[in-house]
Every structure is written in structure tokens, then in C-alpha cells.
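# A look at the structure
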Amino acid sequence: LLWLGWAIQFQGRNAKAQEYVEASLPLLSATGDRWGEAWSLLLWANCTIQGRPTEAEQALTRAYAVCQESGDLTNLGYIIQNLGAVATELGRYTQAKQYIDQAIRIFEELDSTLG
């Protein structure tokens, strides 16, 4: 469900992708799949950043907590990077720069060229 949601979101069908987030997130949470839960929350944010950036920020804040619990630095880097995008959308440019700088430090630490 999660990856189908991502595929649909990549097609620009955010409302439909959001349905898959709403279906996958409770399952991932209930089974303790922190990795999947973080990716589902990131998808939620991607589906809502345009038009509902505050909702996207809430999803990313929740994903941030999940990543901190699990210790997953790769997902944490992507979550923080996307918090920067949300802060930009909300006109909080100083905060956006702080997020992006933090994400860069994480990706450099991980030697992640993709990040």
C-alpha cells in the first residue's frame, strides 16, 4: 500500500495517494515498522505540502520523532530536508536554511551522495 501510494503520488494524484497513506500508516504503526511508518508520513507530507503545508509539517514532525526513536539517520535526513521545503512553503526561510544545513550534515556523515 505504501509503495503504491508513492507511485500514485509521482503521477501527481495526491488525493488518491493520500488514501493509500491512510490505509498503510495504521498497519505500519501497529506492526512496529518504524522505517515504513516514517516513509508513509513523508508521503503524507508530499501529498499535502501544496495547499496544506501545516498538515505536511505535522506529518513530518511525527516522522521526525519516529526516526529519532528508531535511530534511522537516512530517513531522518529526508524528513529534515522536507521540513526545509515546508518551512520554505510557509515563508520561514531562516528556519528552512537551518533544516537544509542539518540535512546536509546528516547526509555528509552517512556519505550519502543521493541525500
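The structure reproduced in this document is the subject of the present report. The shown structure was predicted, so the numbers you read here are calculated from the model rather than taken from an experiment. (Residues numbered from 1 in each chain as written. Predicted model: local features only at pLDDT ≥ 70, side-chain atom pairs only at ≥ 80, totals over all residues. Heavy atoms only, no water.)

## What to know about the environment of Arg 92
Relative to the helices and strands, Arg 92 is located in the loop between helix H5 (73–89) and helix H6 (93–110). Sequence spacing of Arg 92 and Leu 43 is 49 residues, and the spatial spacing of their C-alpha atoms is 22 Å. Here Arg 92 is in contact with Glu 57 and Ala 87, once residues within four sequence places are set aside. (Helix = DSSP H or I, 4+ residues; strand = E, 2+ residues; numbered from the N terminus. Contact = heavy atoms within 4.5 Å.)

## Observations concerning the nonpolar core
Generally speaking, a soluble globular protein has its nonpolar side chains buried in company with each other. Counting residues in hydrophobic clusters, the biggest one holds 34 residues, and the most contacted among them are Leu 42, Leu 60 and Ile 79. Broken down by secondary-structure element, the contributors of at least two residues to this core are helix H1 (2–10), helix H2 (14–30), helix H3 (34–48), helix H4 (53–70), H5 and H6. Not counting chain neighbours up to four residues away, the residues in contact with Leu 60 comprise Leu 42, Ala 45, Ile 79, Asn 82, Leu 83 and Val 86. (Core = buried A, V, L, I, M, F, W, Y, C linked by side-chain atoms within 4.5 Å. Buried < 20%, exposed > 50% of the residue type's maximum accessible area, 1.4 Å probe, protein only.)

## Let's talk about the packing of H2 against H3
One can describe the packing of H2 onto H3 by two numbers: an axis separation of 9 Å at closest approach and a directional angle of 155°. As judged from the angle between their axes, H2 and H3 are roughly antiparallel. Once H2 is placed against H3, the crossing between them reads as left-handed. Contacts between H2 and H3 involve Asn 14, Ala 17, Gln 18, Val 21, Ser 24, Leu 25, Leu 28 and Ser 29 on the former and, on the latter, Gly 36, Glu 37, Ser 40, Leu 41, Leu 43, Trp 44, Asn 46, Cys 47 and Thr 48. Of the residues in the contact of H2 with H3, the class split is 8 nonpolar, 8 polar and 1 charged. (Axes fitted to C-alpha atoms, helices over the stretch in contact; angles between N-to-C directions. Parallel < 35°, antiparallel > 145°, perpendicular 65-115°, else oblique. Left-handed = near helix turned anticlockwise from the far one by under 90°. Nonpolar A, V, L, I, M, F, W, Y, C, P; charged D, E, K, R; others polar.)

## A look at the packing of H4 against H5
The interhelical angle for the contact between H4 and H5, taken along N-to-C directions, is 160°, at an axis separation of 9 Å. Classified by the angle their axes make, H4 and H5 are roughly antiparallel. As H4 packs across H5, the resulting crossing turns out to be left-handed. Contact with H4, carried on its side by Pro 53, Ala 56, Glu 57, Leu 60, Thr 61, Ala 63, Tyr 64, Cys 67 and Gln 68, involves Asn 75, Leu 76, Ile 79, Ile 80, Asn 82, Leu 83, Val 86 and Glu 89 of H5 and no other residues of that element. Tallied by class, residues from the contact of H4 with H5 come to 11 nonpolar, 4 polar and 2 charged.

## Observations concerning the pattern of salt bridges
The full count for this structure, using the stated rule, is 6 salt bridges. As a salt-bridge pair, Lys 16 and Glu 19 come within 3.2 Å of each other at their nearest N and O atoms. Pair noted here: Lys 16 and Glu 19 are both in helix H2, with a separation of 3 residues, about one helical turn. The partly exposed category is assigned to Lys 16, whose relative accessible area is 32%. A salt bridge links Asp 101 to Lys 97; the shortest N-O distance between them is 2.6 Å. Separated by 4 residues within a single helix, Asp 101 and Lys 97 lie in helix H6, roughly one turn from each other. When salt bridges that share partners are traced, they join Arg 34, Glu 37 and Glu 69 into one network. (Salt bridge = Lys/Arg side-chain N within 4 Å of Asp/Glu carboxyl O.)

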